[in-house]
Amino acid sequence: MSNKRTAIVIGAGIGGIATAARLAKNGYEVTVLEKNETPGGRANQIIRDGHRFDIGPTLFLMPEVWEETFAAIGERMSDHLDLKRIDPTYKVHFDDGLRLELTSNIGEMQTQLEKVEKTAFTGFLNYIAEGSKHYKISLEKFVGRNFYNIFEYFSLSNLPLIFQLKALGKHYKNTGRFFKDERLKAVFTFQNMYLGLSPFDAPATYSLLQYTELAEGVWYPMGGMYAGIQSLTKIAEKLGVKFVYNSPVKKINVGKGKVESVETSDDKLWPADIFVGNADLPYIYDQLLPDRAEAKKLIDEKLYTCSTIMFYWGVDKQYPQISHHNVFLGGDYKASFDQIFNDHTLPEVPSFYVHAPARTDPAAAPKGQDTLYVLVPVGHLDARSAQDWDALVNRARETVFNRLANEMGVTDLKAHIKFEIVYQPKVWKERFNLEKGAAFGLSHNFWQVGYLRPHNRHKKYRNLYFAGASTHPGTGLPIVLLSARLTTERILKEAGTIAVQKAAKPVFTPAQG
C-alpha cells in the first residue's frame, strides 16, 4: 500500500492537467477522470482529412506564465514548444473599408493611427502605458495570489490599487480618454471578447489585454495550441498521473464536511484524500453536489459570458489573402454587444474572427489546401427567449461568406469547402458541460473577480478544490494556468505539505520564436 496522499481531479482541461502535474510533483498520487476521449477540454483539437483545428483558444499569450508552469513541474518550455511570434498580431477590417494591422512595430502603428486621427498615436502610447501598469499590478496583487478572506482583498493596501486599476470604470468609456474615433475605440476594446465580455460592461482594467499582445507578443506553438495540452499531459504522465478517459463523473459523494468519493457513469467509486473539480464550476455545483440552494444561487444570480458560433472548414484551395489572425468588425458596435449580452442572440450585423493556422504552420492543412476557423460571438442559451439556432448559424455563415468576398476577394469559398463542422451554444453545453453554453464560463465584472469570484475551495466540503475558468482568477488559458498554481498552493498550505521543489521564477526569452 502506498502511503502517498491521493487526489482525484475531475476533468482534463488545461487547469486539471496542470494541477494534477503540480500535485504529482509534490508527492501526491493523482488520478484524472475525463468525460471525453482525449484531454484538453475547450482547448482540444479536431483532425479530419489532414486538416487540424484548435477547437477553442488560438492565441498563445503571457508566455512567462506558461514558462513558470513548465518550470514548476521540472521542465523547460523551450524543450517542448516551438513558439513563433505572430506580427502583425491581427488584421482588423471595418465594414466602411478601413484596414488596420496591429503590430509591435511602433513606426507602423504611428503611420496607421495618424491617418485615422491626428492625435491617435500619442493616445496609443499612453493607452499601452496604462495597460502595462494595469497588467503588472493585477498580476502581482490580484490575479496571481489567493485571498483567504474578504479583508485580505479589500485591505488598506489593496483599496487604492483597485482605484488605480479603474476596476469600477468601464473599458470602452475609459478608452475615450485616449481616442476619439469610434473605430479606434473598437480596435482597442474588442479583445474583451477573449473573456466573453462586452467592453461596455468590462472593467477599464482590461486595457492590460492590449498591452500583453503588443508588448509581450501573440505567439503560436507549432502543432497548434493543442501542442501545449499534449506536452503538459505527457509531463504529468511522466510524473505518475493516471488519466482515465471516457469516464464522466456523475456524482460527488459527501460526508460530514468533506467529500468521500466520486462516482463515474459506470458506477465505480473513486475515493481520495482531496478532490479537484476542473469541470465547469457551475456544472459541479448544479449536477454533481447535493446542495440545491447553492447551485440555484450560482445559476440564477451570477452573470455568464457570451457564447460563440464556430465554423471549422476544411478547404481544398489556399487563400493567401487571409492572414493568420483576422478580425471583422461591423455595424453599430454598442448595439452589437447589447444584442449579444442583453438579448442573447446574434447581432443584426455580426462581427467575427477568422484564424488561418496554415499561414504559420503548413502542417495544419494538406499541401495546397487551407484550414479555416471562424468564431462569431453570440448570446448564451436563454430559455426565456426564442433562439432558432439553425437560423442563427445560417445567418452567421452568410455574413462570413459575404464579407470575405466583398473585402478580401474570396468569392468562391463556398464551392471549395470540403467539410464543415459547426459548434454553437448547445454543443458547448453538451460536450463540455458549460452552463448556458457560455463558452468562457462565468463573467468577470467587478462583483465576480478576486475574492468575490467563486472560491477555489468549497466552503463546506473542505477537501474539495476547484481549478478552471469559473473560479479565481478567471478565464483564458494563461489565467487558468495561474488557477492551477493557486489551487495547488492552497492544497499544499492547508494540508501542511511543503512543496518538494519551489521552482525559480523563469524569465521568458523570445529565442524560441
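**Remarks on the side chain of arginine 485**
Right, on to step 1. Tracing the sequence through the fold places arginine 485 in helix H17 (residues 477-494).
Right, on to step 2. Arginine 485 has contacts with Arg22, Glu68 and Gly144, leaving out every residue within four places of it along the chain.

**Details of the nonpolar core**
Right, on to step 1. Membership of the largest hydrophobic core comes to 118 residues, with the highest contact counts inside it found for Val30 and Tyr312.
Right, on to step 2. Beyond its immediate stretch of four places on either side in the chain, valine 30 contacts Ala7, Val9, Ala20, Leu23, Ala24, Gly240, Val241 and Lys242.

**Focus: helix H1 (residues 14-25)**
Right, on to step 1. For H1, with 12 residues, the first-to-last C-alpha span of 16 Å sits near the 16 Å given by 1.5 Å per residue.
Right, on to step 2. Burial analysis of H1 places 11 of its 12 residues in the buried class, which makes it a mostly covered element.
Right, on to step 3. Those residues of H1 lying buried are Ile14, Gly15, Gly16, Ile17, Ala18, Thr19, Ala20, Ala21, Arg22, Leu23 and Ala24.
Right, on to step 4. Where H1 ends, the next residue or the one after it, glycine 27, has phi of about 95°, a positive value.

**Re the sheet that holds strand E12 (residues 269-271)**
Right, on to step 1. Ordered in space as E10-E11-E12, the 3 strands form an open sheet in which the pairing is antiparallel. The sheet terminates laterally at strand E10 (249-254) and E12, the two strands that pair on one side only. Averaged over all pairs of adjacent strands, the angle between strand axes in this sheet comes to 25°, irrespective of strand direction.
Right, on to step 2. Where E10 lies against strand E11 (residues 259-264), 5 bridges are found, and the strand directions are antiparallel. Paired with lysine 251 across the bridge in E11 is glutamate 263.

**What about the pairing of strand E14 (residues 307-315)?**
Right, on to step 1. Across the 9 residues of E14, 9 count as buried, placing the element largely inside the fold.
Right, on to step 2. Neither face of E14 is open: one carries Ser307, Ile309, Phe311, Trp313 and Val315, the other Thr308, Met310, Tyr312 and Gly314, and all of them are buried.
Right, on to step 3. Bridging between E14 and strand E17 (residues 370-378) involves 9 bridges; their strand directions are antiparallel. Across the sheet, the residue bridging to methionine 310 is leucine 375, located in E17.
Right, on to step 4. Alignment of E14 against strand E18 (residues 417-423), held across 6 bridges, turns out to be antiparallel. Within E18, the residue paired with phenylalanine 311 across the bridge is valine 422.

**Notes on the environment of alanine 18**
Right, on to step 1. Secondary-structure assignment places alanine 18 in helix H1.
Right, on to step 2. A sequence separation of 55 residues divides alanine 18 from isoleucine 73, and the C-alpha atoms of the two residues are 8.7 Å apart.
Right, on to step 3. The contact partners of alanine 18, leaving out residues within four places of it in the chain, are Thr69, Leu481 and Ala484.

Cut-offs used in this document
- Residues numbered from 1 in each chain as written.
- Predicted model: local features only at pLDDT ≥ 70, side-chain atom pairs only at ≥ 80, totals over all residues.
- Heavy atoms only, no water.
- Helix = DSSP H or I, 4+ residues; strand = E, 2+ residues; numbered from the N terminus.
- Contact = heavy atoms within 4.5 Å.
- Core = buried A, V, L, I, M, F, W, Y, C linked by side-chain atoms within 4.5 Å.
- Buried < 20%, exposed > 50% of the residue type's maximum accessible area, 1.4 Å probe, protein only.
- Expected span 1.5 Å × (residues − 1).
- Pairing = 2+ DSSP bridges.
- Axes fitted to C-alpha atoms, helices over the stretch in contact; angles between N-to-C directions.

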